[in-house]
Structures are given as C-alpha cells and as structure tokens.
Amino acid sequence: MSALGKLQKLTHVMFILALLVLCMLMILFPAETWQAGVRGLAIWWDVLFPSLFPFLVLSELLIGFGIVHFLGTLLNPLMRPLFRVPGSGGFVFAVSCASGYPTGAKLTAQLWEQKLVTREEGERLVAFTTSSDPIFMIGAVSVGFFHNVAIAPVLVASHYAAAFIVGLLMRFHGRGTDHSNKHSNSESTVYPSHPNHIRKNKLKLAIEAMHQARMADGRAFGELLRQAIASSLRLIIIVGGLVVFFSVIMELLVQTGWLGALYQWTELGLVHAGLPPSLSQSLVGGLFEVTLGAKEAGAAGASIPLMYKASAAAFVLSWGGLSVHAQIMSILSNTPMRYGPFLLARVIHALIAPMLVLLLWVPIMGTMDSPAFASNIPNFNPFIYTPHWGTIVVTGLVTLGIVVFLLLICSFIISLFSNRHVKR
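Residues numbered from 1 in each chain as written. Predicted model: local features only at pLDDT ≥ 70, side-chain atom pairs only at ≥ 80, totals over all residues. Heavy atoms only, no water.

(A) Focus on the overall build of the protein chain. Of regular secondary structure, the protein chain possesses 19 helices and 0 strands. Within the protein chain, the fraction of its 424 residues that count as buried is 51%. Accessible surface for the protein chain amounts to roughly 19500 Å². Of this, 71% is attributable to carbon and sulfur atoms. (Helix = DSSP H or I, 4+ residues; strand = E, 2+ residues; numbered from the N terminus. Buried < 20%, exposed > 50% of the residue type's maximum accessible area, 1.4 Å probe, protein only. Areas by Shrake-Rupley, 256 points an atom, 1.4 Å probe, with all protein chains shown as cover.)

(B) View of the UniProt feature "transmembrane region" (unreviewed entry) in the protein chain. The UniProt feature table records "transmembrane region" (unreviewed entry) at residues 12-31, 51-75, 151-172, 235-254, 344-368 and 388-417. Across residues 235-254, the secondary structure splits into 100% helix and 0% strand, with the terminal C-alpha atoms separated by 29 Å. (UniProt positions renumbered as here; feature names shortened; annotations may be inferred.)

(C) Representation of the nonpolar core within the structure. Val141, Phe146 and Trp361 are the most contacted members of the largest nonpolar core, which totals 89 residues. With 11 residues, helix H2 (residues 30-64) is the largest single contributor of residues to this core. By size, the runner-up hydrophobic cluster in this structure holds 11 residues, among which are Leu25, Leu259, Val284 and Phe288. (Core = buried A, V, L, I, M, F, W, Y, C linked by side-chain atoms within 4.5 Å.)

(D) Structural view of the packing of helix H12 (residues 221-256) against helix H14 (residues 280-288). Their axes nearest at 9 Å, the elements H12 and H14 cross at an angle of 140 degrees. In terms of orientation, H12 lies oblique with respect to H14. Contacts between H12 and H14 involve Phe246, Met250 and Leu253 on the former and, on the latter, Val284, Gly285 and Phe288. Its residues placed into classes, the contact of H12 with H14 shows 5 nonpolar, 1 polar and no charged. (Axes fitted to C-alpha atoms, helices over the stretch in contact; angles between N-to-C directions. Parallel < 35°, antiparallel > 145°, perpendicular 65-115°, else oblique. Contact = heavy atoms within 4.5 Å. Nonpolar A, V, L, I, M, F, W, Y, C, P; charged D, E, K, R; others polar.)

(E) Looking closely at a nonpolar patch on the surface. Among the surface-exposed residues, Val394, Val398, Ile402, Phe405, Leu406, Ile409, Phe412, Ile413, Leu416 and Phe417 lie close enough to one another that they form a single nonpolar patch of about 960 Å² accessible area. The residue leucine 406 is located in helix H19 (residues 389-423) in this model. For leucine 406, a relative accessible area of 47% gives the class partly exposed. (Patch = residues over 30% accessible without salt bridge, like charges linked within 9 Å, V, L, I, M, F, W, Y side chains within 5 Å. Salt bridge = Lys/Arg side-chain N within 4 Å of Asp/Glu carboxyl O.)

(F) Main features of the environment of alanine 105. Counting through the fold element by element, alanine 105 comes out in helix H5 (residues 103-113). Sequence spacing of alanine 105 and glutamate 123 is 18 residues, and the spatial spacing of their C-alpha atoms is 9.1 Å. Those residues in contact with alanine 105 that lie beyond four places of it in its chain are Val126, Ile328 and Ile331.

(G) Quick look at the pattern of salt bridges. Going through the model one piece at a time under the given rule, you end up with 8 salt bridges. Where arginine 214 meets aspartate 217, a salt bridge forms, and the shortest distance between an N and an O atom there is 3.5 Å. Taken as a pair, arginine 214 and aspartate 217 lie in helix H11 (residues 202-217) at a separation of 3 residues, close to a single helical turn. The class for arginine 214 is buried, based on a relative accessible area of 17%. The shortest N-O distance in the salt bridge between glutamate 296 and lysine 295 comes to 3.8 Å. The pair formed by glutamate 296 and lysine 295 is uniform in burial state, with each residue classed as buried.

(H) Just the packing of aromatic side chains, in detail. Following the criterion strictly, the structure yields 10 aromatic pairs and no others. Both rings, one in phenylalanine 65 and one in phenylalanine 221, keep their centres 6.0 Å apart while their planes meet at 40 degrees; by these two values the pair is tilted. Here phenylalanine 65, found in the loop between H2 and helix H3 (67-83), pairs with phenylalanine 221, found in helix H12; they are 156 residues apart in sequence, far enough to count as distant. Between phenylalanine 93 and phenylalanine 128, the ring centres sit 5.9 Å apart and the planes meet at 35 degrees, which makes this aromatic pair tilted. Taken together, the residues phenylalanine 93 in helix H4 (residues 88-99) and phenylalanine 128 in helix H6 (residues 119-129) connect sequence positions 35 residues apart. (Phe/Tyr/Trp six-rings, centres within 6.5 Å; stacked < 30°, edge-to-face > 60°.)

(I) Seen up close, the environment of alanine 209. Tracing the sequence through the fold places alanine 209 in helix H11. It is 9.3 Å that separates the C-alpha atoms of alanine 209 and valine 68, two residues lying 141 residues apart in sequence.

(J) Main features of the side chain of threonine 103. With respect to the helices, strands and loops of the structure, threonine 103 is situated in helix H5. Polar side-chain contacts of threonine 103 include one of 2.8 Å to the side chain of serine 99. Discounting chain neighbours no more than four positions away, the residues touching threonine 103 are Leu52, Leu56 and Val95. (Polar contact = N/O pair within 3.5 Å; in protein donor to acceptor, adjacent residues only side chain to side chain.)

(K) Focus on the packing of H3 against H4. At a closest axis distance of 6 Å, the pairing of H3 and H4 adopts a crossing angle of 100 degrees. It follows that H3 is roughly perpendicular to H4 by the angle criterion. Residues Val68, Leu71, Gly72, Leu75 and Met79 of H3 form the contact with H4, whose own contacting residues are Ser88, Gly89, Gly90 and Phe91. Within the contact of H3 with H4, the residues separate by chemical class into 5 nonpolar, 4 polar and no charged.

(L) Focus on the confidence of the model for the protein chain. Of the residues in the protein chain, 86% have a pLDDT of 70 or more, and the chain-wide mean is 83. Here residues 186-199 is a poorly scored stretch, pLDDT under 50, and it has 24 contacts once near neighbours within four places are set aside; other chains count. Of the regions scoring below 50 in pLDDT, residues 370-384 engages in 31 contacts with residues more than four places distant in sequence or in other chains. (pLDDT = per-residue confidence, 0-100.)

(M) Looking closely at unusual backbone geometry. The amide bond that connects tyrosine 101 to the next residue, proline 102, takes the cis arrangement and shows omega of 5 degrees. Tracing the sequence through the fold places proline 102 in the loop between H4 and H5. Located in the positive-phi region is arginine 84, a residue other than glycine, with phi close to 55 degrees. Unusually for a residue other than glycine, lysine 115 sits at a positive phi of about 60 degrees. Positionally, lysine 115 belongs in the loop between H5 and H6.

Here you go:
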C-alpha cells in the first residue's frame, strides 16, 4: 500500500474514533448537549434563516432573469482590473454584504455552473465575498453582546475594508492560468476591449446580455421560483445543521475542559503581542463559532480597553469560525474550486480586520473607551439580540441597493477614463 493510501486509511480510522468519542460525550452530558443544540437552532431560526433565505431565492431569480448578466456587463470595467473576476462578481459581493456568509460561495458556485467564472476566478471571488452581514454586526454584536451601538461603525468599516483588501491581494492568485480555462462567459464577449465595442452604449450591451441570458435559461417563472425555493431550502437546512453540530461540539469541549491547553497557548501568544491575555476565550471560541467568539469578546473583563475587545470581535467575524468553513466546503464540494485559497483568504482577513480597528478607532470613536459590559452581567448568556425578521430583510435590501449603486458609480467613472484613454 502506498504512503498516500496509508494516510487516507489512518485519517478514516481517526475520523471514526472522533465520532465515537463525540457520541460518548453526548451520552455523558445529555442536558448540555440538548441546550447547545437548542441554542444553535435558535441562532439559525432567529438570525440566519431570515437573513439568508430571502436573498438566496432572490439571487436565483435574478440569475434566471438575466439581471446578473446585466449588472455583470456594467460592472466589468470595475471588477476585472481590480479583482480579476467577471463583472457578475460585483453582484455576488453586494448580495454577500447584504446577507452574510455563505451566500457568496453559493452564488459563485452558481456562476461556475453557468460557466461565467473559471476555477481560479471563482476561488478569488469566494475569497473576498465571504463576509458577515451588517444586521449581525450592528444588532447582534454591537447591541446584543457589547451593549454599545457606538462601536458598530468601526466593526463594519474594518470588516468590509479588510474584505476589499483581501480581494486586491487575491487577484494575484492563479496568475497566468486564466488563459487556459476556456468558458462561455457572456461578459467577455459582450464587453470586449476593442475600441469599436467600447464606443457602443454600455447600457445597450447590458440589456442585450440580459436578454440573451433569459432566452438561454428558458424556464417559466413558476418553475424558476419553485427551483429557487427548493435550492435555497436545501442550503438553509445544511447551514442550520452545521450551526447546531458545531454548537454542540463547542459545548462538549467546554464541559470536558479540553480547551484548556488551547486557552493557555492563546494567552501566551497574546502576552507576547502585548495584548490582554483574557481575550483568549473570545479568540478560541471564535475559532469554532462566530456567535460564541463575538459574545465572549463583549463579555471580556471590564478592565480590558474597549478597543481591544472590538479588535477581537473583528478577528472572529473575519475568520468566520469552523462552522462557516464547513458550510463553504460543502458548497464548493460540487465544483472544482479548492478550499485552500479560501482558507488563506480567511487568515489574511482575520489578521487585517483587527489592525484596521486599531487604526480607525481614534478617527471614528475619538477617545471613547468605556467598558462594554457592567461587572454584574454574567459572561455566559444565551443569544441576546433577536431582531425582527422584517428588520433583517429590509436592512439587507437597503444594503444590497447601496452596494450595487456604489459599484455602478465606480464602474461608470472607470469607464469614462477608459473611453478618454482609447480616444487619445
């Protein structure tokens, strides 16, 4: 047997042993397992379902009607030179900002199925479109966990600015390989770089691309809506199952005390970095699950400067937690896109976002540094903030509209400069 075969066999055995240990722990801690499962289910139903499901259905409808091709043609002058992805990636980025992870990966997988992106382009796109949504950062983290809505601008600005920087850095991923990936990208044919085509009306080209995409799809509205709902429900159920699963795993690790060594290593690293060691609970918790890590950041000791707590929360939000990583892996498993570039992007995002919090703190917050929590509030508290479904959907739609509008403005400005350069 080859070395690779032995390694695969060993991995298979270790995986089975881990599952058996997990089953034993669930038997030993039945009450804690049940509570963790209910807590994970509440997070899924109260926050994830309303923030993801409407936008997943809406996105599939927009793809079916060719709106994504319409926006892709208009956004191509912006997305191609900056991120080396098709213009339709701008739509993915906007929806991801509105609804949060794992929407970006889901839409990227759909673009790959329609041959609108290559493998490398898809990996770049997933790398910087996997982000949290504003209602979670503002409502759940700032209001629910920190009890201080004033930190919301810093968290939102650092999170999305870091995502933008990740997109710029990931443009170098797969450099020199795109030419070998032939795909029927309507944007590359509708928006060529030849001067004769550049002079053509961009809006007319976008409408032509939308019409061609709609004709190519050919599904009636009823069938399109049915398939959109069915596909979105399948993904939502997978996301919910993973959230509950990792919530149970994290609770069992806490109950058994197996996280002690990881806490100690993290505290040691924080001390060497000159940071408060008590932030280790937030960082370790966020390694597994976003909500737990963000809650622990807000519940850290009152003596810790608020700036450092917000930085820890930014790290957790950008890393995403192993639960989100598992969601992305499940989505990418049906495509040739690899998990490695996404993992690298998460690490970069998680490192840049806290540094941006520290840089933006004084310009945005001034000298404010009051404790986020009163000392008499317990650390371990169930999910505090449960926003109304209507608030989540409306906030997401407003965010989607704002991001698309800003991207179109930037693309229009770049097109004007490109036209002037061609004329010269």
